[in-house]
Amino acid sequence: MQYPKIKAVFFDIDGTLLSFKTHQVPVSTQKAIEQLQRQGIKVILSTGRSINSIDHVKFLDFDGFITFNGGYCVTQESDVLFKQAIHPNDIKAVLDYIKERPLSFSLMSEKEITIYDVTPEIAGMYAHLNLPVPPLVDMNKVDPASILQTNIFLGPEEEEDFMQNVMPNSVASRWTPLFADVNPKGQSKQVGIDIFCKHFGIDITQTMAFGDGGNDITMLKHVSIGVAMGNANPEVKEIADYITTDVDNDGIWNALHYFKVI
């Protein structure tokens, strides 16, 4: 079978590049990325994380970074290609909401991450990701126009009502029942892929992506070959072109070999 000539590969972090068990990038994944780079294939990070929360994987020498689920795209040389903030009215509505009801949330800007109301479950989630709990938000210093992403800590059953009534200009995606990533409406990792394809002069038919969570769905559907990790959520596996092995069982290496990319 003839597979497309791949010129760019996009990688999610948590559960894809990075093992939830070891908090490390598997050796086989490191070798696979090195091989892609030797072949001149662009290697681009694509994550819901903040631009300030990816230092532990930068050693892989990516050609670009899609962060905040596409809301902030920056080159290896630190040139910002795209930046999109959440509508300030939505952030103001969240700040009004907590005056009457309990809600935990984080606010992410280009410069920092802060959090409001840290529960034991939230502290446990940050430990699971091997990340420090962000500092508490100073409500007097919040600039509603500067927020690129927020994480809203509520269950899937509450999400639709909350988004319609509190953040109607935004869109939610999630990879865990604990919280939803919230970004500007129309924003997704797909947008970031298009930005980097234009930047590098690569056609979408020459792209491949790896992911495991709900915020990876638009990315995997958009590229020529969308690969779900063996540990991916069921809805991600359902839309993927191919399901590889788990992150801890050489999933990235195996899929790149299967499609004869390396």
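Shown above is the structure to which this text applies.
The structure reproduced in this document is the subject of the present report. On a predicted model such as this, the values are computed, not experimentally measured, just so you know.

### Focus on the pairing of strand 9 (residues 170-176)
So, point 1. Sheet analysis places strand 9 next to strand 10 (residues 179-184), joined by five bridges and oriented antiparallel. Bridge pairing in strand 10 places alanine 172 opposite valine 182.
So, point 2. Turn length for the strand 9-strand 10 hairpin, with the two strands adjacent in sequence and antiparallel, is two residues.

### Thoughts on the sheet that holds strand 12 (residues 225-228)
So, point 1. Taken in spatial order, the eight strands line up as 5-4-3-2-1-11-12-13 in an open sheet, and their pairing is mixed. If you trace the sheet from one side to the other, it starts and ends with strand 5 (80-83) and strand 13 (242-243), each paired once.
So, point 2. Bridge analysis of strand 1 (residues 8-11) against strand 11 (residues 207-211) gives four bridges, and the strand direction is parallel. In the strand pairing of strand 11, phenylalanine 10 is matched with alanine 209.
So, point 3. Of the strands in this sheet, strand 1, strand 11, strand 12 and strand 13 are in contact with helix 8 (residues 251-258), which crosses strand 11 at around 155°.

### Quick word on the environment of asparagine 215
So, point 1. With respect to the element layout, asparagine 215 can be found in the loop between strand 11 and helix 6 (217-222).
So, point 2. Discounting residues that sit within four places of it in the chain, asparagine 215 has contacts with Gly48, Asn69, Ser173, Arg174, Trp175, Asp181 and Lys189.
So, point 3. At a separation of 3.0 Å, a polar atom in the side chain of asparagine 215 contacts the side chain of asparagine 69.

### So, helix 1 (residues 27-38)
For an α-helix the count is 3.6 residues per turn, leaving residues at separations of three or four pointing the same way.
So, point 1. With twelve residues, helix 1 should cover 16 Å at 1.5 Å per step; its first-to-last C-alpha distance of 17 Å lies within 8% of that length.
So, point 2. Looking at helix 1, one finds that the buried residues are Ser28, Thr29, Ala32, Ile33 and Leu36. Seen from one end, helix 1 has its buried residues packed into an arc of 135°, which puts them on one side. Facing away from the buried surface of helix 1 by more than 90 degrees, the exposed residues are Val27 and Arg38.

### Quick word on the sheet that holds strand 10
Either a parallel or an antiparallel arrangement is found when strands of a sheet pair, and the pairing is made through backbone hydrogen bonds.
So, point 1. Pairing within the open sheet is antiparallel, and its five strands lie in the order 7-6-8-10-9. Here the strands that pair on one side only, and so sit at the sheet edges, are strand 7 (113-116) and strand 9. For this sheet, the mean angle separating the axes of adjacent strands, direction not counted, is 20°.
So, point 2. Pairing of strand 6 (residues 104-108) with strand 8 (residues 149-153), which is carried by five bridges, proceeds in the antiparallel orientation.

### Quick word on unusual backbone geometry
So, point 1. Despite not being glycine, asparagine 69 shows a phi value in the positive range, around 55°.
So, point 2. When you line up the elements, asparagine 69 lands in the loop between strand 3 (64-67) and strand 4 (72-75).
So, point 3. The class of asparagine 69 is buried, set by a relative accessible area of 2%.
So, point 4. Positive phi, normally seen in glycine, also occurs at aspartate 117, with a value near 65°.
So, point 5. If you trace the backbone, aspartate 117 turns up in the loop between strand 7 and helix 3 (120-128).

### Examining the environment of arginine 38
So, point 1. Examined against the element boundaries, arginine 38 turns out to sit in helix 1.
So, point 2. A relative accessible area of 60% places arginine 38 in the exposed class.
So, point 3. Considering only alpha carbons, one finds arginine 38 and arginine 101, 63 residues apart in sequence, at a separation of 53 Å.

### Comments concerning the packing of helix 1 against helix 8
Any two packed helices are characterised by how steeply their axes cross, that is the angle between the axes, and by the distance between the axes.
So, point 1. As a packed pair, helix 1 and helix 8 sit with axes 7 Å apart at the nearest point and diverge in direction by 40°. When the axis of helix 1 is compared with that of helix 8, the two are oblique. Residue-level contacts link Ser28, Thr29, Lys31, Ala32 and Leu36 of helix 1 to Ile252, Trp253 and Leu256 of helix 8.
So, point 2. When the residues that make up the contact of helix 1 with helix 8 are grouped by side-chain class, the tally is five nonpolar, two polar and one charged.

### What about the pattern of salt bridges?
So, point 1. Counted according to the given criterion, the structure contains seven salt bridges.
So, point 2. A salt bridge links glutamate 110 to lysine 83; the nearest nitrogen and oxygen atoms lie 2.5 Å apart. With a gap of 27 residues between them, glutamate 110 in the loop between strand 6 and strand 7 and lysine 83 in strand 5 connect regions that are remote in the sequence.
So, point 3. Owing to a relative accessible area of 47%, lysine 83 belongs among the partly exposed residues under this scheme.

Criteria and thresholds
Residues numbered from 1 in each chain as written. Predicted model: local features only at pLDDT ≥ 70, side-chain atom pairs only at ≥ 80, totals over all residues. Heavy atoms only, no water. Pairing = 2+ DSSP bridges. Helix = DSSP H or I, 4+ residues; strand = E, 2+ residues; numbered from the N terminus. Contact = heavy atoms within 4.5 Å. Axes fitted to C-alpha atoms, helices over the stretch in contact; angles between N-to-C directions. Polar contact = N/O pair within 3.5 Å; in protein donor to acceptor, adjacent residues only side chain to side chain. Expected span 1.5 Å × (residues − 1). Buried < 20%, exposed > 50% of the residue type's maximum accessible area, 1.4 Å probe, protein only. Arc of directions from axis to C-beta. Parallel < 35°, antiparallel > 145°, perpendicular 65-115°, else oblique. Nonpolar A, V, L, I, M, F, W, Y, C, P; charged D, E, K, R; others polar. Salt bridge = Lys/Arg side-chain N within 4 Å of Asp/Glu carboxyl O.

Take it as geometry only, folks, not as evidence of what the structure does.
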